[in-house]
Amino acid sequence: MLQCGKRSHEFFTTDGRWKQDIEIPTGDSLEMSENFLEGRNKEMFIAFMRGMLQWRPEDRKTAKDLLQDPWLND
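Under an unreviewed UniProt entry, the name given to the chain is Protein kinase domain-containing protein, and the organism recorded is Penicillium hordei.

Notes on the overall build of the chain
Looking only at helices and strands, one finds five helices and zero strands in the chain. Along the chain, helices (α) and strands (β) appear in the sequence α-α-α-α-α when read from the amino end. The C-alpha atoms of the chain give a radius of gyration of 16 Å, which is well past the 11 Å a tight globule of 74 residues would have. In terms of overall dimensions, the chain has C-alpha extents of about 45 × 30 × 15 Å along its principal axes. Burial statistics for the chain: of 74 residues in total, 14% are counted as buried. For the chain, contacts bridging at least 24 residues in sequence account for 21% of all contacts bridging at least 6. Accessible surface, the chain as shown: approximately 6600 Å² in total, 54% of it carbon and sulfur. One way to put it: in the chain the 11 positive side-chain charges average out to a point 7 Å from where the 14 negative ones average out.

A few points about the pattern of salt bridges
Applying the stated criterion to the full structure yields seven salt bridges. Glutamate 10 is the partner of arginine 7 in a salt bridge, and the nearest nitrogen-oxygen pair spans 2.9 Å. On the accessibility criterion, glutamate 10 (30% relative accessible area) is partly exposed. Where glutamate 31 meets arginine 50, a salt bridge forms, and the shortest distance between an N and an O atom there is 2.9 Å. Of this pair, glutamate 31 sits in helix H2 (residues 30–33) while arginine 50 is found in helix H3 (residues 39–52), placing the two residues 19 residues apart along the sequence. The exposure class assigned to arginine 50 is partly exposed, which follows from its relative accessible area of 39%. Through salt bridges that share partners, Arg56, Glu58 and Asp59 make up one connected network.

Observations concerning the environment of alanine 47
Positionally, alanine 47 belongs in helix H3. Separated by 23 residues in the primary sequence, alanine 47 and proline 70 have C-alpha atoms spaced 9.6 Å apart.

Let's talk about the packing of aromatic side chains
For the structure on display, the rule yields four aromatic pairs. Each ring, one from phenylalanine 12 and one from tryptophan 18, has its centre 5.3 Å from the other, and the planes form 75 degrees; the classification is edge-to-face. For tryptophan 18, a relative accessible area of 33% gives the class partly exposed. Following the ring pairs from residue to residue traces out a cluster consisting of Phe11, Phe12 and Trp18.

Some remarks on the environment of leucine 30
Along the chain, leucine 30 turns up in helix H2. Counting along the chain gives 27 residues from leucine 30 to proline 57, while the straight-line C-alpha distance between them is 19 Å. Each residue touching leucine 30, except ones within four places of it in the same chain, is listed here: Ile46, Met49, Arg50 and Leu53.

The rules we used
- Every chain's residues receive numbers from 1 upward, in the order its sequence appears when written.
- Residue-level local features of this predicted model are given only where pLDDT is at least 70; pairs of side-chain atoms are given and counted only at 80 or more, and the full residue set underlies all totals for whole chains, interfaces and linings.
- Each side-chain value is worked out from all heavy atoms of the structure, with water and hydrogens disregarded.
- Elements are defined by DSSP. Helices are runs of H or I of four residues or more, strands are runs of E of two residues or more, and each kind is numbered from the N terminus.
- Both definitions apply: the radius of gyration is a C-alpha atom measure, and the globule rule equals 2.2 Å times residues to the power 0.38.
- Under the scheme applied here, a residue whose accessible area is under 20% of the maximum for its type counts as buried, over 50% as exposed, and between as partly exposed, the area being computed with a 1.4 Å probe on protein chains only.
- The contact definition used throughout considers only heavy atoms, calling two residues in contact when any of these lie within 4.5 Å.
- The method behind every accessible area is Shrake-Rupley, applied with a 1.4 Å probe, and residues are considered shielded solely by the protein chains displayed.
- A positive count includes Lys and Arg, and a negative count includes Asp and Glu. His and the chain ends are not counted in either.
- One atom stands in for each charge, and that atom is NZ of Lys, CZ of Arg, CG of Asp or CD of Glu.
- In the sections that follow, a salt bridge refers to a side-chain nitrogen of Lys or Arg positioned within 4 Å of a carboxyl oxygen of Asp or Glu.
- Stacked, edge-to-face and tilted are the three classes for Phe, Tyr and Trp ring pairs, Trp counted by its six-membered ring, which pair at centre distances within 6.5 Å; planes under 30 degrees apart are stacked, over 60 edge-to-face, the rest tilted.

Set out below in structure tokens:
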């Protein structure tokens, strides 16, 4: 993944370590950060967001896929 990124060298060392002064948050999950939804609606929203929030671009849903997501259409 790092070798594919055009700007990876700005943020990571050659052995894959984060080299900026910014701490990467740990311990918080997407589920824990969503406080306004509950039940099935929350589950569908989390699934929708996970479709967008993927490290590898090829794993992300396309805009067309997202527009057809059940969370937006049910």
